[in-house]
Amino acid sequence: MGTAYTGRFAPSPTGPLHAGSLVAALASWLDARAHQGRWLVRIEDIDTPRCVPGAAALILQQLAACGLVPDAPPLYQLQRSTKYQAALDQLIASDLAYPCACTRQDIEREIAARGQPRPRHGELVYPGTCRGGLQGRLARAWRFFAGSIEQNWPPAPMRRAQAAPDSIANQPLHWQDRRLGPQQQNVGEAVGDFVLKRADGLWAYQLAVVVDDGAQGITDVVRGEDLADNTARQILLQRALGLPLPRYLHTPLVLGVNGEKLSKQNGATPLDTSRPLQVLNEAGRVLGLPAGILAQTPADWLQQAVALWSRATKIDR
Ligand code: GLU
């Protein structure tokens, strides 16, 4: 392998690990080891209202009980706000970020006035109201200039954005997912100008994840398929910030009884890591590893699983 590999697992400490999050952790660990790479853990604790005290320590203990120990001390996003500010400043200087005064109600009103359809997942596509300036209103959030939602953008103050990388123009972005295959999304149409810094003063996931993947030298993002939809936004930010683009592999999800992705919200039970071999086997099965790897210890199980994973996966370069 020509390039050094660095992978990561980036849990939000909103509760203990569950069967679904172990699948992502295990896949990222196996892929790193199968490529003689490093494996890092990043605790994504910026969304403080959702974080649960003690959860980060518990997650690290659960990982360790399964033999998954990071190669460097974990990075905590709460300690990284000066880096996020520096990235936002860089985007502002390139005319790729702008302040926004809109409340959710303002956005809904504007969308209705323009007769725009309400998008998928009930998420509102920002109609670009503040692109041309705040019109005397107070800034609440900062947004990324994702592209042209309408024909006549950008207005004068945003002209410089036209000189930005081609992906920022109004055309779909294409990328390759190692499991899902060719992907595309027009961020301007699908999501609109997305938030970098929230109205409550918290940093948005998209900005933090890109800044930190860059700082940690992540070459391969391996994570659950529920996050695949964020990839285009993250690639736009990587390009805008001049960061290298990692490869992406989105892993299968564990579904709950209701057929939805297993999550803390739909009652996923905490992982019982007092039975590490059993939980590893269950996670391995979701990843397509042969059932029932016979092992005495998690380390032994992992060693066998790496050999199987190496045979099954090949990184396209
Ligand atoms: N912190 C995110 C989560 O737990 C994962 C972010 C990522 O892997 O990019 O859902």
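For the structure itself, look to the data block above.
These numbers were taken from a predicted model, which means no experiment stands behind them. (Residues numbered from 1 in each chain as written. Predicted model: local features only at pLDDT ≥ 70, side-chain atom pairs only at ≥ 80, totals over all residues. Heavy atoms only, no water.)

To continue, consider the site of the ligand. As a matter of local geometry, the ligand sits amid Arg8, Ala10, Pro11, Ser12, Glu44, Tyr205, Val209, Arg223 and Leu227. Between an oxygen atom of the ligand and a side-chain N or O atom of Arg223, the distance comes to 2.8 Å. Grouping the amino acids of the shell around the ligand by side-chain chemistry returns five nonpolar, one polar and three charged. (Near = heavy atom within 4 Å. Polar contact = N/O pair within 3.5 Å; in protein donor to acceptor, adjacent residues only side chain to side chain. Nonpolar A, V, L, I, M, F, W, Y, C, P; charged D, E, K, R; others polar.)

Take helix α7 (residues 231-240) next. α7 sits mainly inside the fold: nine of its ten residues count as buried. For α7, the full list of buried residues reads Thr231, Ala232, Arg233, Gln234, Ile235, Leu236, Leu237, Gln238 and Ala240. With its phi angle positive at about 70 degrees, Gly242 sits one or two positions after the end of α7. (Buried < 20%, exposed > 50% of the residue type's maximum accessible area, 1.4 Å probe, protein only. Helix = DSSP H or I, 4+ residues; strand = E, 2+ residues; numbered from the N terminus.)

We now examine the environment of Lys83. Here Lys83 is to be found in helix α3 (residues 81-93). Between the alpha carbons of Lys83 and Val211 there is a distance of 7.4 Å; along the sequence they are 128 residues apart.

This part is about the packing of helix α1 (residues 19-34) against helix α9 (residues 298-312). Following both chains from N to C, one finds α1 and α9 inclined at 70 degrees, their axes separated by 9 Å at the closest point. Here α1 is positioned roughly perpendicular relative to α9, judged by the angle of their axes. Counted together, Leu26, Ala27, Trp29, Leu30, Asp31, Arg33 and Ala34 of α1 and Trp301, Leu302, Ala305, Val306, Trp309 and Ser310 of α9 form the full contact between these two elements. Of the residues that constitute the contact of α1 with α9, the class distribution is ten nonpolar, one polar and two charged. (Axes fitted to C-alpha atoms, helices over the stretch in contact; angles between N-to-C directions. Parallel < 35°, antiparallel > 145°, perpendicular 65-115°, else oblique. Contact = heavy atoms within 4.5 Å.)

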